[in-house]
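Listed below are the residues making up each chain.
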Amino acid sequence: MDTEKLIKDIVKNVLQRLNSEFPKKQPEEKALALGPESIKLKTAQAVASDRKIVCSISVKHVHLCREHLDILYGKDYEPAILKELYQPGNYAYKETVTIVGPKLNALQNVRILGPLRSKSQVELAKTDCIILGIDAPVRPSGQLEGTTSCVLIGPKGAVYLKEGVIRANRHLHLSQEDADYFGIRDNDEVDVRVPGPKGLTFNNVQVRVSKDFLSEMHIDTDDGNAADVVNGTLVEIVNASCIAPIGPSTIADFSRIPPSIPDNSISVEITDPNILRNMNKAMEAGNVSSKVITDTGSYTGSAKTAKTVITVADLDNYKVSGINLTSDVILSPLARDEALARGIKIFG
Ligand SMILES: [Zn+2]
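1. Considering the pairing of strand 11 (residues 189–194)
Moving residue by residue along a regular strand, the side chains alternate between the two faces of the sheet.
1) Next: Pairing of strand 11 with strand 12 (residues 200–209), which is carried by 5 bridges, proceeds in the antiparallel orientation. Its bridge partner being in strand 12, Arg193 is matched across the sheet by Thr201.
2) Next: Here strand 11 hands over to strand 12 after 5 residues, with Gly196 in that stretch at a positive phi of 105°.
3) Next: Pairing of strand 11 with strand 14 (residues 234–238) involves 3 bridges; the strand directions are antiparallel.

Quick look at the structure:
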């Protein structure tokens, strides 16, 4: 008998024995570990499970109803799918809108997510709301009564959205299998802990259970940046409410409220062709190392690159060829809208 086979047989044998002596924990035991009786005795750490959940960042986006898409992009317009999202049947369209608030600041190129819904809904983070000058409430998706208004602008028209702007609540999509494993039901609220140097525990996380879901936590960009979360960061369901029940947030009396720093800064995308050209020149001269900060707050690259800036004035050059949006091409939002209006193809 050769040695290799002998070792394999021994290993197999040992593994079989280990498995029979220490059977894998059953879902029922996990459920018990999260039950109210045992929680009183345990710290958050002790009830943390070894089954981790994928977290992703919901960058500001809009869901549109058919009627509003008709106004913004033209009657019966069929948006094109840019990217499938993690949750089956959900996708990002290529099309975007501009959101304008009462301060007349604009958030441009805000992604439209599909499929279309019966009611339009805008999901922003607090920072986005501050830029727009609105105060959107924290709501579960779809609960839009009495929420904030804004104006949506597309290439073909504008919509005054009387209500529908929210900051989506922290929520957790759970597959039925994971829900059974954790002993959690639809609409339960849990705490979710993010590890790492900026680790923290998110409270009031609404659980939504469906057989159609993949397990995935959704938080907005502000929450994500606070905890250094990027798409795919693994988080764990804990129950920190065992340490102290979570009440409503309160504020100190007037004499103890620290003054805030006056802040009139705004952050908007550069659309001025002159600024874009100057930026391009500077980068071409090799003086500027361009660091692109994405909406999730992470650095996507750092390189000295010469970029081609396409503005409305340049569009005639692309009438035949179309615009190939490679990573070294910057297409100004105005030019993008105008190109779409003129039927110039944008690909890449
Ligand atoms: Zn979600």
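2. Description of the nonpolar core
1) Next: Counting residues in each nonpolar core, the largest one holds 24 residues, and the members touching the most others are Val62, Val97, Ile99, Val122, Leu124 and Leu152.
2) Next: If near-sequence neighbours (up to four positions away) are discounted, Leu152 is found in contact with Val62, Leu64, Leu72, Val97, Thr98, Ile99, Val122, Gly157, Ala158, Val159 and Leu161.
3) Next: Residues Cys55, Val194, Met217 and Ile219 belong to the second largest nonpolar core, which totals 22 residues.

3. Some thoughts on the pairing of strand 10 (residues 171–174)
1) Next: Where burial is concerned, the two faces of strand 10 agree: the one with His171 and His173 and the one with Leu172 and Leu174 are both buried.
2) Next: Bridging between strand 10 and strand 13 (residues 216–220) involves 3 bridges; their strand directions are antiparallel. By the bridge assignment for strand 13, His171 is matched with His218.

4. Regarding the sheet that holds strand 10
1) Next: Spatial ordering of the closed barrel is given by 1-13-10-12-11-14, a layout of 6 strands whose pairing is mixed. Ignoring which end each strand starts from, the neighbouring axes of this sheet average 40° apart.
2) Next: In this sheet, strand 13 lies alongside strand 1 (residues 53–58) in parallel orientation, the contact comprising 4 bridges. Across the sheet, Ser58 pairs through a bridge with Asp220, a residue of strand 13.

5. Considering the coordination of the zinc ion
Put simply, a metal with four donors set out as a tetrahedron has ideal angles of 109.5 degrees, and one with six donors set out as an octahedron has ideal angles of 90 or 180 degrees.
1) Next: Around the zinc ion, the protein supplies His171 (NE2), His173 (NE2) and His218 (ND1) as donor atoms, at distances of 1.9 to 2.1 Å.
2) Next: When the donor residues of the zinc ion are listed from N- to C-terminus, their spacing reads H-x1-H-x44-H.
3) Next: You can call His171 buried: its relative accessible area is 6%.

6. Here we look at helix 5 (residues 66–73)
1) Next: Here helix 5 has its buried residues at His68, Leu69, Asp70, Leu72 and Tyr73.
2) Next: Where helix 5 is buried, its residues touch strand 4 (91–100), strand 5 (106–114), strand 8 (148–153) and strand 9 (158–168).
3) Next: Looking one or two places after helix 5, you find Gly74, whose phi comes out positive at around 110°.

7. Some details on the environment of Val54
1) Next: Mapping Val54 onto the fold places it in strand 1.
2) Next: Sequence spacing of Val54 and His218 is 164 residues, and the spatial spacing of their C-alpha atoms is 9.0 Å.
3) Next: Not counting chain neighbours up to four residues away, the residues in contact with Val54 comprise Tyr86, Ser215, Glu216, Met217, Gly232, Thr233 and Leu234.

8. With respect to the side chain of Ser56
1) Next: Inspection of the secondary structure assignment puts Ser56 in strand 1.
2) Next: A distance of 2.4 Å separates polar atoms of two side chains, one belonging to Ser56 and the other to Glu216.

9. Regarding the pattern of salt bridges
1) Next: Under the counting rule described, the total for this entry stands at 14 salt bridges.
2) Next: A salt bridge links Glu236 to Arg193; the nearest nitrogen and oxygen atoms lie 2.4 Å apart. Within this pair, whereas Glu236 is found in strand 14, its partner Arg193 is found in strand 11, the two being separated by 43 residues in sequence.
3) Next: Classification of Glu236 by relative accessible area gives buried; the value is 10%.
4) Next: Judged by its relative accessible area of 21%, Arg193 falls in the partly exposed class.
5) Next: The shortest N-O distance in the salt bridge between Asp316 and Arg342 comes to 3.3 Å. Placement of the pair is Asp316 in the loop between strand 17 (308–310) and strand 18 (323–324) and Arg342 in helix 10 (residues 333–342), with a sequence separation of 26 residues.
6) Next: By relative accessible area, which is 39% here, Arg342 ends up partly exposed.
7) Next: Each of the salt bridges in this network shares a partner with another, and the network as a whole consists of Arg66, Asp70, Lys75, Asp76 and Glu78.

Thresholds, definitions, all that
- Within each chain, residue numbers correspond to sequence positions counted from 1 in written order.
- In view of the model being predicted, local features appear only for residues whose pLDDT reaches at least 70, and side-chain atom pairs are presented and counted only at 80 or more, with totals across whole chains, interfaces and linings using the full set of residues.
- Hydrogens and waters are ignored; side-chain quantities use all the structure's heavy atoms.
- Note on pairing: DSSP must find at least two bridges between two strands before they are called paired.
- Secondary structure counts use DSSP, requiring at least four H or I residues in a row for a helix and at least two E residues in a row for a strand, with both numbered from the N terminus.
- We call a set of buried Ala, Val, Leu, Ile, Met, Phe, Trp, Tyr and Cys residues a nonpolar core when their side-chain atoms join them within 4.5 Å.
- For every residue, the accessible area obtained with a 1.4 Å probe (protein chains only) is divided by the maximum for its type, and the residue is called buried under 20%, exposed over 50%, and partly exposed between those limits.
- Residue contacts follow a heavy-atom distance rule, with two residues in contact if any of their heavy atoms lie within 4.5 Å.
- Axis definition: a line fitted to C-alpha atoms, over the contacting stretch in the case of helices. Angles run 0 to 180 degrees between N-to-C directions.
- Nitrogen, oxygen and sulfur within 2.8 Å of a metal are treated as its donors, or within 3.2 Å for sodium, potassium and calcium (Na, K, Ca); water is not counted, so a site can appear incomplete.
- Distance and chemistry together define a polar contact, namely a pair of N or O atoms within 3.5 Å, with one atom able to donate a hydrogen and the other to accept it when in protein, and with adjacent residues in sequence counting only for side-chain atoms on both sides.
- We count a salt bridge whenever a side-chain nitrogen from Lys or Arg sits within 4 Å of a carboxyl oxygen from Asp or Glu.

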